[in-house]
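The chain contents come next:
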Amino acid sequence: MTHRRKLLTTHADTRECKLNHKGPGQMVDSNLGYSSCAMMNCCGLLTLQKEPVPLKSIEVELEVRDHVATVVSTLNYENKEDKPLEAVFVFPLPGDAAVCHFSAQVGQTQIVAEVKEKQKAREEYDDALSSGQQAFLLEESDESPDIFSLRVGSLPPGESASIRLEYVTELAVQADDGLRFCLPAVLNPRYQPQGSEGAGVQVTSAPASLVPYSLCFSARVSSPRPISKVESNCSLEPLQYLNTDQTQATVKLAAGHKFDRDVELLIYYKDAHQPTAVVEAGQASAEPGSLMGDPVVMVSLYPEFPQSVMSSMASSGEFVFLLDRSGSMSNTRISSAKDTLLLLLKSLPMGCYFNIYSFGSSYEHIFSKSVEYSQKTMEEALKKVEEMEADLGGTEILEPLKHIYSQPCIQNQPRQLFVFTDGEVGNTKEVIDLVKKNSGSHRCFSFGIGEGASSALINGMAKEGGGHAQFITGTDRMQPKVMQSLRFALQPAVVDISVTWDLPKEVSVTVLSPPITALFQGQRSLIYAQLTGQSSEAAEGCVTLKYSLAGHPSENQLHFSLRPAEDTGVWLVGWRGGAEWFQVQCHL
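Small disclaimer: the values here were computed from a predicted structure and weren't measured.

S.K.: Explanation requested: the confidence of the model for the protein chain in the structure shown.
M.R.: Parts of the prediction with low pLDDT should not have their coordinates interpreted in detail. Per-residue pLDDT for the protein chain averages 77, and the proportion of residues at 70 or more is 74%. Considering only residues more than four positions removed or in separate chains, one finds that residues 187-192, a stretch of pLDDT under 50, has 47 contacts. Segment residues 575-588 is flagged for pLDDT under 50; beyond a separation of four residues in sequence, or across chains, it makes 58 contacts in the model.

S.K.: Would you explain helix H6 (residues 428-437) in this entry?
M.R.: Where H6 is concerned, the buried positions are Thr428, Val431, Ile432, Leu434 and Val435. Summarising the axial view, the buried residues of H6 lie within an arc of 155°, below the 170-degree limit, and thus occupy one face. The inward-facing, buried residues of H6 abut helix H5 (398-406), strand S29 (443-449) and helix H7 (455-464).

S.K.: Whenever I open this one, unusual backbone geometry confuses me. Can you help?
M.R.: Peptide bonds are trans in most cases, and residues, glycine excluded, mostly fall at negative phi. Phi at Asp177 takes a positive value of approximately 75°, unusual for a residue other than glycine. Here Asp177 shows up in the loop between strand S15 (172-173) and strand S16 (179-183). For Asp177, a relative accessible area of 31% puts it in the partly exposed group. The residue Asn412 is not glycine, and still its phi comes out positive at about 65°. Tracing the chain through its elements places Asn412 in the loop between H5 and strand S28 (415-421).

S.K.: Help me understand the pairing of strand S24 (residues 318-324), please; the structure alone is not making it clear to me.
M.R.: Most of S24 sits inside the fold, with seven of its seven residues counted as buried. The side-chain alternation of S24 yields two buried faces, one formed by Glu318, Val320, Leu322 and Asp324 and the other by Phe319, Phe321 and Leu323. Relative to S28, S24 runs parallel, the two sharing six bridges. Counterpart to Glu318 in the pairing with S28 is Arg415. Direction of pairing for S24 relative to strand S25 (residues 353-359): parallel, over a ladder of seven bridges. Within S25, the position partnered with Glu318 by the bridge is Tyr353. Remark: the S24/helix H3 (residues 332-347)/S25 crossover connection has right-handed handedness.

S.K.: Please clarify how the nonpolar core should be interpreted in this entry.
M.R.: One recurring pattern in soluble globular proteins is that nonpolar side chains are buried together. Ranked by size, the top nonpolar core spans 41 residues in total, and within it Leu62, Phe181 and Phe217 carry the most contacts. The element best represented in this core is strand S6 (residues 55-65), accounting for five residues. Those residues within four positions of Phe181 in sequence are excluded, and the remaining contacts are Leu62, Ala69, Val71, Tyr167, Leu171, Phe217, Val263, Glu264 and Leu265. Ranked by size, the runner-up nonpolar core spans 37 residues in total, among them Leu342, Phe354, Met388 and Val482.

S.K.: Is there a simple way to explain the sheet that holds strand S18 (residues 227-232) in this structure?
M.R.: As a general point, the strands of a sheet are linked pairwise by backbone hydrogen bonds and lie either parallel or antiparallel. One open sheet accounts for four strands, arranged S15-S16-S21-S18; its pairing is antiparallel. Edge positions in the open sheet fall to S15 and S18, since each of these has one partner strand only.

S.K.: Is there a simple way to think about the pattern of salt bridges in this case?
M.R.: A pair can form between side chains of opposite charge whenever their charged atoms are brought close. For the coordinates displayed, the defined rule picks out twelve salt bridges. The partner of Asp66 in a salt bridge is Arg225, with the nearest N and O atoms 2.7 Å apart. Of the two residues, Asp66 sits in the loop between S6 and strand S7 (68-78) while Arg225 sits in the loop between strand S17 (214-222) and S18, which places them 159 residues apart along the sequence. Residue classification places Asp66 among the buried positions, given a relative accessible area of 3%. Look at Arg225 and you get buried, because its relative accessible area is 5%. In this structure, Lys229 engages Glu231 in a salt bridge whose closest nitrogen and oxygen atoms are separated by 3.2 Å.

S.K.: What's the story with the sheet that holds strand S34 (residues 540-549) in this structure? I'm lost.
M.R.: In spatial order, the strands read S31-S34-S35; together these three strands make up an open sheet with antiparallel pairing. Two strands close off the open sheet at either side, each with one partner strand: strand S31 (494-502) and strand S35 (552-561). Averaged over all pairs of adjacent strands, the angle between their axes in this sheet comes to 15°, without regard to strand direction. Here seven bridges tie S31 to S34, and the two strands are oriented antiparallel to one another. If you follow Val499 over to S34, its bridge partner there is Leu545.

S.K.: Teacher, can you tell me more about the environment of Ala175 here?
M.R.: Its place among the elements puts Ala175 in the loop between S15 and S16. Each C-alpha atom of the pair Ala175 and Met478 lies 9.5 Å from the other, and the pair is 303 residues apart in sequence.

S.K.: Please explain the packing of H3 against helix H4 (residues 375-386) as it appears in this structure.
M.R.: Axes are the key here: two packed helices are described by the angle between their axes and the distance separating the axes. It is at 10 Å that the axes of H3 and H4 come closest, and there the two elements cross at 175°. Classified by the interaxial angle, the pair formed by H3 and H4 is roughly antiparallel. Residue-level contacts link Lys338, Leu341, Leu342, Leu345 and Lys346 of H3 to Met378, Ala381, Leu382, Val385 and Glu386 of H4. Its residues placed into classes, the contact of H3 with H4 shows seven nonpolar, no polar and three charged.

S.K.: Quick question: what am I supposed to make of the environment of Cys182 here?
M.R.: Within the fold, Cys182 resides in strand S16. Cys182 sits eleven residues away from Leu171 along the chain, and the two C-alpha atoms are 9.0 Å apart. Sequence-distant contacts of Cys182, that is, excluding residues within four places in its chain, are made with Asp262, Val263 and Glu264.

S.K.: Even after reading the chapter, I still don't get the packing of H3 against helix H8 (residues 478-490), so can you show me in this structure?
M.R.: Two elements in contact, H3 and H8, have axes whose closest approach is 10 Å; the angle formed by their N-to-C orientations is 50°. When the axes of H3 and H8 are compared, the pair comes out oblique. The interaxial crossing formed by H3 with H8 has right-handed handedness. Taking contact as the criterion, the partners of Ser336, Asp339, Thr340, Leu343, Leu344 and Ser347 in H3 are, on H8, Met478, Gln479, Val482, Met483 and Leu486.

Cut-offs and rules
Residues numbered from 1 in each chain as written. Predicted model: local features only at pLDDT ≥ 70, side-chain atom pairs only at ≥ 80, totals over all residues. Heavy atoms only, no water. pLDDT = per-residue confidence, 0-100. Contact = heavy atoms within 4.5 Å. Buried < 20%, exposed > 50% of the residue type's maximum accessible area, 1.4 Å probe, protein only. Helix = DSSP H or I, 4+ residues; strand = E, 2+ residues; numbered from the N terminus. Arc of directions from axis to C-beta. Pairing = 2+ DSSP bridges. Right-handed = clockwise from strand over helix to strand, strands pointing away. Core = buried A, V, L, I, M, F, W, Y, C linked by side-chain atoms within 4.5 Å. Salt bridge = Lys/Arg side-chain N within 4 Å of Asp/Glu carboxyl O. Axes fitted to C-alpha atoms, helices over the stretch in contact; angles between N-to-C directions. Parallel < 35°, antiparallel > 145°, perpendicular 65-115°, else oblique. Nonpolar A, V, L, I, M, F, W, Y, C, P; charged D, E, K, R; others polar. Left-handed = near helix turned anticlockwise from the far one by under 90°.

Okay, here's the thing in structure tokens:
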């Protein structure tokens with residue numbers, strides 16, 4: 001997916017929200033005049049002199065509709081100084097999130113956002129500041145699209161401000177079929193290798209003892225399927241069902257929660273593998289035929305491969321493991337990564353090949369080249385892994401990756417790369433681009449270790465490498481995640497993937513999401529598409545997913561109603577997949 005840039009700027013005279021946006025852009029710039037990302041040394045609201053501005057409270061409202069989450073965060077803070085402050089707020093978002101609304105209440109002034117091209121937004125921000133107006137500028141790091149910074153301009157002494165940010169994101173399916181939502185509480189330090197692009201972008205986390213504000217978090221969940229349960233790593237109040245068929249429910253964090261760690265929510269539906277299609281109506285105020293004026297459909301498919309093929313799954317392959325041993329992996333993280341790797345090592349099929357690399361400022365390997373997996377080589381590797389510590393310095397992941405890719409592949413042993421890291425790098429884009437460049441020779445399975453692991457890096461490597469991403473934040477769910485990734489790696493690569501549509505002759509379809517490049521048994525695949533034209537309320541459509549697995553052609557098919565459902569937030573995520581210029585107007 002091609003990423004373009006966008007910036008969001010507002011000023012006090014704005015009375016409506018216009019999103020002028022070219023494609024699935026990023027709110028990006030790490031090298032602007034104020035070096036906003038480079039100067040950060042903690043998460044939160046900071047002055048240009050790196051002094052923290054107290055944040056009073058955070059309120060988060062989560063709306064989950066099937067597989068899509070809409071997150072509304074309200075940040076309340078105050079300038080307690082006796083002079084105006086130009087401040088920057090740094091906060092984490094999912095790497096694939098689409099920001100759809102931003103507003104701020106500064107004293108009696110209501111501010112609503114406009115998304116514009118980078119240079120124009122930058123000029124308007126400077127003009128507003130020079131004329132004494134409050135101005136806001138939202139940016140996303142060039143190298144790490146899960147780091148956003150917000151320059152709130154001039155905040156008068158004693159003045160309070162309330163920022164409201166809304167974004168939409170897909171929820172990843174876990175090994176136990178739960179949908180995972182994570183609200184990151186910290187930005188881990190991002191190590192920036194010397195000489196890499198975007199040098200100087202460094203952000204570090206605030207210790208729990210320095211988080212004086214509280215978090216109020218509530219979630220509302222709805223789905224065509226009944227909701228079986230909602231779990232969390234934090235204390236929750238009891239789940240409250242809103243209807244008798246249990247397709248709608250609410251849940252809240254228990255009172256008194258401090259935002260000192262990630263909030264992870266796991267949502268479970270009954271009949272989770274049932275394919276679904278949700279059609280969302282276009283906006284009545286938008287022009288028919290435009291992206292915003294036409295209906296959009298989100299199709300969720302769970303490919304089920306023929307049993308005859310799955311029973312003869314490959315027991316061959318070259319398994320290359322890359323373990324992060326940088327200083328940020330110390331204590332529980334290195335233990336968790338080693339436990340994950342040890343479990344994988346003990347589960348490999350006899351006769352395959354493997355090798356283990358570890359890295360920090362430099363890199364090491366256990367064997368000079370991949371060796372055949374046997375009792376002897378396994379025991380040798382297990383012993384050396386158990387002795388590993390987080391003692392190799394910085395996070396220089398590019399060089400070991402380049403070395404691995406330079407090694408010749410073994411005939412009839414498909415290469416599977418497993419990466420274990422907290423993702424604390426500042427050159428995320430370079431790493432992902434390297435994986436993508438070599439995607440034809442391997443599949444990449446990534447594991448994000450610990451809270452705050454970079455979703456942009458972990459998900460990006462797996463996506464571009466045709467593999468699968470997992471996040472390991474504790475030991476309770478580690479084993480099923482590890483074994484799922486191993487099953488996926490042993491599955492033959494799916495090729496010749498295509499999607500075809502059968503619709504009434506008066507309806508045409510434009511696919512918005514990127515082409516599907518990887519399929520795994522029972523793992524969800526999402527397709528977004530724009531539907532143009534008129535159809536009767538009773539009209540139906542059909543989407544067919546065709547592919548070839550181990551030489552066997554297969555297909556999965558879903559029939560669905562073209563009648564639009566209620567607003568679901570689907571269009572925003574689909575729009576990131578490939579929409580061109582569009583404009584949204586949202587009046588106060």
